[in-house]
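Chains, contacts and geometry: an overview
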Amino acid sequence: MTNTTLDNLITDLASGTVQVVDLTVNLDENTPVIGLPEEFKQSPTFKMEKISHFDDAGPAWYWNKFSCGEHTGTHFDAPGHWVTGKDYSDGCTDTIKPQDLVAPANVIDVTKECAENPDYLLTPEKVQEWEAEHGKIEKDSWLLMNSGWSKRSVEDFLNYAEDGPHTPGPSVECVKFLVEERDVIGFGTETIGTDAGQAFLFDPQFPSHHLMHGANKFGLASLTNLDKLPPKGSVLITPPLKIVNGSGSPLRVLALVS
Ligand code: 23J
Ligand code: MN
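Because the structure is a prediction, the values reported are computed rather than measured. (Residues numbered from 1 in each chain as written. Chains lettered and ligands numbered in written order. Predicted model: local features only at pLDDT ≥ 70, side-chain atom pairs only at ≥ 80, totals over all residues. Heavy atoms only, no water.)

1. Re the environment of Glu 155
Keep this limit in mind: Secondary structure elements are taken from DSSP: a helix is a run of H or I of four residues or more, a strand is a run of E of two residues or more, and numbering for both begins at the N terminus. Burial classes: relative accessible area under 20% of the type maximum marks a residue as buried, over 50% as exposed, and values in between as partly exposed (1.4 Å probe, protein chains only).
In this fold, Glu 155 is placed in helix α4 (residues 154-158). A relative accessible area of 66% places Glu 155 in the exposed class. Sequence-wise, Glu 155 and Val 33 are 122 residues apart; in three dimensions their C-alpha atoms are separated by 12 Å.

2. Thoughts on the environment of Glu 113
We apply this condition: Only heavy atoms enter the contact rule, under which two residues are in contact if any of them lie within 4.5 Å. Throughout this description, a polar contact denotes any pair of N or O atoms lying within 3.5 Å of each other; where both atoms belong to protein, one of them has to be capable of donating a hydrogen while the other can accept it, and for residues adjacent in sequence the pair is counted only when both atoms sit in side chains.
Note on placement: Glu 113 falls in helix α2 (residues 111-116). In this structure, the C-alpha to C-alpha distance between Glu 113 and Leu 211, residues 98 residues apart in sequence, is 24 Å. Those residues within four positions of Glu 113 in sequence are excluded, and the remaining contacts are Tyr 120 and Lys 126. Engagement of the side chain of Glu 113 in a polar contact is seen with the side chain of Lys 126, the distance being 2.9 Å.

3. Here's the deal with the sheet that holds strand β11 (residues 186-189)
Just so we agree on the cut-off: Between any two strands, pairing holds if DSSP finds at least two bridges. Lines are fitted to the C-alpha atoms to define the axes, a helix being fitted only along its stretch in contact, and any angle between axes, read from their N-to-C directions, falls within 0 to 180 degrees.
Taken in spatial order, the 9 strands of this open sheet run β1-β15-β13-β5-β7-β11-β12-β4-β14, and their pairing is mixed. Strand pairing shows two members of the sheet lacking a second neighbour, β1 (19-22) and β14 (248-250), which therefore form its edges. Going across the sheet, the axis of each strand differs from the next one's by a mean of 25°, ignoring polarity. In this structure, strand β4 (residues 75-77) lies alongside β14, joined through 3 bridges in antiparallel fashion. Residue Phe 76 lies in a different strand from β14, and its bridge partner there is Ser 249.

4. Remarks on the layout of surface pockets
The test is simple: Grid points spaced at 1 Å and placed over the protein atoms alone form the basis of the search, with a cavity being a set where a 1.4 Å probe fits but cannot get out and a pocket an open set showing protein on both sides within 12 Å along at least five of seven lines. Lining residues have an atom within 4 Å of a point. Grid points are joined across faces, edges and corners, and a volume is the space filled by probe spheres set on the points. Gly counts as polar in this scheme, as do all residues outside two lists: the nonpolar Ala, Val, Leu, Ile, Met, Phe, Trp, Tyr, Cys and Pro, and the charged Asp, Glu, Lys and Arg.
Approximately 680 Å³ is the volume found for the largest pocket. Looking at the largest pocket, it is lined by 30 residues, and the ones nearest its centre are Ile 34, Gly 35, Leu 36, Pro 37 and Phe 206. A class-by-class count of the residues in the lining of the largest pocket yields 12 nonpolar, 13 polar and 5 charged.

5. Brief notes about the environment of Pro 124
Topologically, Pro 124 is positioned in helix α3 (residues 124-134). The buried category is assigned to Pro 124, whose relative accessible area is 10%. The contacts of Pro 124, once residues within four sequence positions are left out, are Ser 171, Glu 173, Cys 174 and Phe 177.

This is the structure we're talking about:
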């Protein structure tokens, strides 16, 4: 029998030639959630309550119940999350095609730009500069924006001011470029959401939600460890919980890196 791709993967995982990098933040009651303008209903934070812990409620077993908003911590944005993506028959957490939940990743390092300017916007020009060095972003691959945001304290991570949050994200033109010219599977970021903090002022508002989900594409928010990935060549495993009609869910995001 010939050596198949999966035989090689099994060997390479066992030897450590292929490593598994966890891109997920801890989920507990301190995990920050997005704050919306006060006229809108807010996301609850993560909560956990013990059912039993080797006690009278369950002498030999430990388990908890938990609750949270679907968009809490490291989470998946499904197309059905946004009004522009609401009619896709494969656009909610239970209907997304499993084949789309394993895909290559491209990682663009803009940590320096974001350290200098919390409102930094990724542009098509910057992405094309990256492509000139690392190769073209292939159809159905992720673009992940390494802003360095996961290394911040919670206060600096949310970075609220009088006029709203100041966090980096993609420009309108950049999202258009990724959707129309590159046909990515989605856009992922270390910030609390896939859009810049000031994206409520853009036209369209929240382009990473409006345009990505409008094109049946995905989002990944509150990622961490993007600095541990190569610019190109890693594979992301991103299955959200199979919530029926879910708009997204917290998930464990794993990257295979060789
Ligand atoms: C709801 C409303 C607006 C936004 C969001 C959620 C997110 O960023 C999210 O987590 O999908 S911008
Ligand atoms: Mn979300």
